[in-house]
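Given next are the chains, with one letter for each unit.
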Amino acid sequence: MMSFGDDKIVRKSPEEIEKMRRSGQLVRQVLNHVKALVVPGASTMDLEKAAEKLIAELGATPAFKGYYDYPCVLCTSINEEIVHGIPSEKRVLKTGDIVSVDCGVVLDGYYGDAAITVPVGETLTEELRKLLEVTEASLYKGIEQVKIGNTIGHVGSAIQKHVEANGFSVVREFVGHGIGTKLHEAPQIPNFGKKGQGVELTEGMVLAIEPMVNSGGPEAKVLGDKWTAVTLDGSYSAHFEHCVAVTKQGPMILTQ
Ligand code: MF3
Ligand code: CO
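Residues numbered from 1 in each chain as written. Chains lettered and ligands numbered in written order. Predicted model: local features only at pLDDT ≥ 70, side-chain atom pairs only at ≥ 80, totals over all residues. Heavy atoms only, no water.

A. Seen up close, the overall build of the protein. Secondary structure summary: the protein contains four helices and 15 strands in total. Rg of the C-alpha trace for the protein: 17 Å, near the compact-globule value of 18 Å for 256 residues, within the 12% margin. When contacts within the protein are restricted to residue pairs at least 6 apart in sequence, long-range pairs at least 24 apart make up 72% of them. With the model as given, the accessible surface of the protein reaches about 10900 Å², and the carbon-plus-sulfur share is 52%. Each charge class in the protein was averaged separately, 26 positive and 33 negative side chains, and the resulting centres sit 3 Å apart. (Helix = DSSP H or I, 4+ residues; strand = E, 2+ residues; numbered from the N terminus. Rg over C-alpha atoms; globule rule 2.2 N^0.38 Å. Contact = heavy atoms within 4.5 Å. Areas by Shrake-Rupley, 256 points an atom, 1.4 Å probe, with all protein chains shown as cover. Lys, Arg positive; Asp, Glu negative; His and termini not counted. Charge placed at Lys NZ, Arg CZ, Asp CG, Glu CD.)

B. Region of interest: the packing of aromatic side chains. Applying the stated criterion across every chain, the model contains two aromatic pairs. On the numbers, 4.9 Å between centres and 85° between planes, the contact of tyrosine 67 with tyrosine 68 is edge-to-face. Residue classification places tyrosine 68 among the partly exposed positions, given a relative accessible area of 44%. Each ring, one from tyrosine 70 and one from tryptophan 227, has its centre 4.9 Å from the other, and the planes form 80°; the classification is edge-to-face. (Phe/Tyr/Trp six-rings, centres within 6.5 Å; stacked < 30°, edge-to-face > 60°. Buried < 20%, exposed > 50% of the residue type's maximum accessible area, 1.4 Å probe, protein only.)

C. Fine view of unusual backbone geometry. With an omega dihedral of 0°, the bond running from alanine 186 to proline 187 counts as a cis peptide bond. The backbone of histidine 84 shows a phi angle near 65°, a positive value even though the residue is not glycine. With respect to the helices and strands, the residue histidine 84 is situated in the loop between β3 (81-83) and β4 (98-107). We note that aspartate 108 has phi near 55°; this positive angle belongs to a residue other than glycine.

D. Highlighting the state of the cysteines. Counted according to the given criterion, the structure contains zero disulfides. Left unpaired, cysteine 75 is separated from the closest cysteine sulfur, that of cysteine 72, by 8.3 Å. Cysteine cysteine 243 shares no disulfide, and the gap to the nearest cysteine sulfur, in cysteine 103, comes to 11 Å. Accessibility expressed as a relative area gives 2% for cysteine 243, which makes it buried. (Disulfide = S-S within 2.5 Å.)

E. Spotlight on the coordination of the cobalt ion (ligand 2). Protein ligation of the cobalt ion (ligand 2) involves Asp113 (OD), His177 (NE2), Glu210 (OE) and Glu241 (OE), the donor distances falling in the range 2.1 to 2.3 Å. Considering all six donor atoms around the cobalt ion (ligand 2), angles at the metal cover 66 to 172° and the coordination shape is irregular. Here the donor residues for the cobalt ion (ligand 2) map to a single chain with the spacing D-x63-H-x32-E-x30-E. With aspartate 113 in strand β5 (residues 110-119) and glutamate 241 in the loop between β13 (237-239) and β14 (242-247), this residue pair connects regions lying 128 residues apart in the sequence. With respect to burial, aspartate 113 and glutamate 241 carry one shared label: buried. (Donors = N, O, S within 2.8 Å, 3.2 Å for Na, K, Ca; no water. Tetrahedral: all angles 85-135°; square planar, octahedral: opposite > 155°, others 65-115°.)

F. Fine view of the site of ligand 1. Neighbouring ligand 1 are 14 residues; Tyr70, Asp102, His177, His184 and Glu210 lie closest to it. Note that a nitrogen atom of ligand 1 is positioned 3.2 Å from one of the side-chain N or O atoms of glutamate 241. Protein contacts shield 97% of the accessible area of ligand 1, which totals 330 Å² for the unbound molecule. (Near = heavy atom within 4 Å. Polar contact = N/O pair within 3.5 Å; in protein donor to acceptor, adjacent residues only side chain to side chain.)

G. Fine view of the sheet that holds β13. Taken together, three strands build an open sheet; the order of strands is β6-β10-β13 and the sheet is antiparallel. Of all strands in the sheet, those bounded by a partner on one side alone are β6 (169-170) and β13. In this sheet, β13 lies alongside strand β10 (residues 212-214) in antiparallel orientation, the contact comprising three bridges. Across the sheet, residue methionine 212 finds its bridge partner in β13, namely histidine 239. Running at roughly 35° to β13, helix α3 (residues 126-144) makes contact with β10 and β13 of the sheet. (Pairing = 2+ DSSP bridges. Axes fitted to C-alpha atoms, helices over the stretch in contact; angles between N-to-C directions.)

H. Representation of the environment of arginine 172 in the model. Structurally, arginine 172 is set in the loop between β6 and β7 (176-178). Within the local environment of arginine 172, its side chain forms a polar contact with the backbone oxygen of valine 170, the two atoms lying 2.6 Å apart.

I. Looking closely at the sheet that holds strand β8 (residues 185-189). The five strands lie next to each other as β8-β7-β9-β14-β15, forming an open sheet whose pairing is antiparallel. Strands with a single pairing partner mark the edges of an open sheet, and in this sheet they are β8 and β15 (250-253). Between one strand axis and the next, the sheet turns by 30° as a mean value, whatever way the strands run. In this sheet, strand β9 (residues 206-209) lies alongside β7 in antiparallel orientation, the contact comprising two bridges. Residue histidine 177 lies in a different strand from β9, and its bridge partner there is alanine 208. Taken strand by strand, α3 contacts β9, β14 and β15, and its axis lies near 15° from that of β14. Strands in contact with helix α4 (residues 152-165) are β8 and β9; relative to β8, the strand with the most contacts, it is inclined by about 40°.

Following this line, the structure appears as structure tokens:
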């Protein structure tokens, strides 16, 4: 968001990465809890309330609520919504929907941020099953490229290739980001690009990688609520996110 991409990249010590692993694990706990509540008839506000309660019980602070005046602890984005959908009791999930749940927390001064996209009910069309599978797999293709000496472009290129080879498209308007003592730090991490482009990955960088993949065209627009991003053509969109540290041993997923 805005101009964080031009800030200085802040590398983390092993002790800091350990703290980020704790906030990352907490985010995963919240996502697992919310995932079990994704059933037909539940509203996205039900998910929000459960997440807010659990974050407080775990002794953490929500990262999104109040960030540029965002009103909730989760982003819940249904079907053609790409990211930043605002939970509401009016948004009731139904069989065959897909819902992206994105959550961030701060614990001991360090941020964690992760997202999953979950099918609602037992029956999903083959197209949507494939959209979820390809989007999640593209995230892991990106993570595989998180190695000292590679660049941000290696990550984006691997994601884009996997997505496009499967007939889907990657959103350009929203990107991943560095993360640490702030939710959004440099560098920006596009889900597209070419190997060798962008800054080089060095030990201690922590990256929030978050492919947003549309079943139709890549274009997005933001609704009148100033937050909810949707596909321009009304096609479906999926979103998965992990925070990953660059280490000598390779990628270390912190939101496991
Ligand atoms: N994971 C999303 C991101 O990194 C969520 C941000 S929502 C906001 O952009 F409200 F905090 F902006
Ligand atoms: Co993020």
